[in-house]
Each structure stands twice: as structure tokens, then as C-alpha cells.
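Given next are the chains, with one letter for each unit.
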Amino acid sequence: MPYEAADRQPVGARSRLDADTLDALRAFLAERREPAADQTDDRVCEPPAGLAAYLARAGVPFSRLLLEHIRSSGSSEVEIYKRAHVDRKLFSKIRSDPGYQPKKVTVIAFALALRLSLEQTRDLLASAGYALSGSAPFDLIIRFFVEREVFDLFQINDALDTFGQPILMV
């Protein structure tokens, strides 16, 4: 339906608002209208003070933390990604791209393959932007096995399946 440019009403439509309310609404909208593409607002281009310093304190990215855990485990990269049931291509992507965002199940599979403690598992998950929930059955089952130092993917998958949860990759 065509609109009149001045008031953005469908052509021929009659407003049920009185003239004063309509004028006030137009003024309100005009004040808050985004600037046109050729207009710039310097405040938009400048980051807030202190943001760069705050971002500089960011934690270690997932790929770097994973590689640190692999090195300290004494196992080879191949042993760990095979134990995690992650294919070579995916591991190569994780290894070469510090900004790569893995799926949560991939992070968990690596934590289990590395036999990480609960705290280390939480740190690895956090480095990828995830957490273990205190109420989600999937997360509770993973936590149950990690707390008991049971890292057998097949046993964990059996438990996940028994409780109707998605299984880890195998």
C-alpha cells in the first residue's frame, strides 16, 4: 500500500488520532529517527572509554587452552582427538583458527578425552562460551561422570541415552 512520505500513513487512510496527538507523535518519532546513511554520529564510531583495556584482559581462547591441556597431558594431539572422536579436519580447524567456536559437545568430548577435572572442564567450556548448567539433565550427567573421574565415552553415552539425552559423538 503506498504511503505518504510526510506522515507515513497509507494514502487515503484517515487517522483516528486527534491532530495534536498526531503532531506530538510525529515530533517524537522524528527526534528518535536514525540518521540517514550520509549523516554520521561521532559517538557511534568511538568505543567507550576503557573498552580496549577490558578486552585486552580477555581469557585464553578455546583453541589455545585446548592445546595447552594436550601438551600437559603427555599425549599426542592425534591420540586426544581420536579419543574425543573428533575427525582430523575439525581438529585442524580448531588448531588453526583461534576464533573458531566449537559446539558444546565437542568441548565436552575433548574434556573427557583429556580426563580433565570438573574445574578444568568448566574452564575449557567457559573459554568456548559455554557452561555446565545445574539443572539441564545432559549437563548434570556429564558432571556426574567427571566428578567420579569416569571418562569412558561409551559408558557416558549409555547414561545419556538412558535418560533421553543426546549422545556425544562416537
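Let us look at the structure shown here. (Residues numbered from 1 in each chain as written. Predicted model: local features only at pLDDT ≥ 70, side-chain atom pairs only at ≥ 80, totals over all residues. Heavy atoms only, no water.)

1. Regarding the overall build of the chain
Looking only at helices and strands, the chain has 10 helices and 0 strands in total. Each helix and strand of the chain, placed in order from N terminus to C terminus, yields the pattern α-α-α-α-α-α-α-α-α-α. Out of the 170 residues in the chain, the part that is buried amounts to 28%. Looking at the chain alone, contacts between residues at least 24 apart form 51% of all its contacts between residues at least 6 apart. With the model as given, the accessible surface of the chain reaches about 11800 Å², and the carbon-plus-sulfur share is 53%. (Helix = DSSP H or I, 4+ residues; strand = E, 2+ residues; numbered from the N terminus. Buried < 20%, exposed > 50% of the residue type's maximum accessible area, 1.4 Å probe, protein only. Contact = heavy atoms within 4.5 Å. Areas by Shrake-Rupley, 256 points an atom, 1.4 Å probe, with all protein chains shown as cover.)

2. Some words on a nonpolar patch on the surface
A grouping of Leu17, Leu25, Phe28 and Leu29 is seen on the molecular surface, where their side chains present a nonpolar patch of about 350 Å² in accessible area. Residue position: leucine 17 is located in the segment before helix H1 (19-32). Relative accessible area serves as the criterion here: at 41%, leucine 17 is assigned to the partly exposed category. (Patch = residues over 30% accessible without salt bridge, like charges linked within 9 Å, V, L, I, M, F, W, Y side chains within 5 Å. Salt bridge = Lys/Arg side-chain N within 4 Å of Asp/Glu carboxyl O.)

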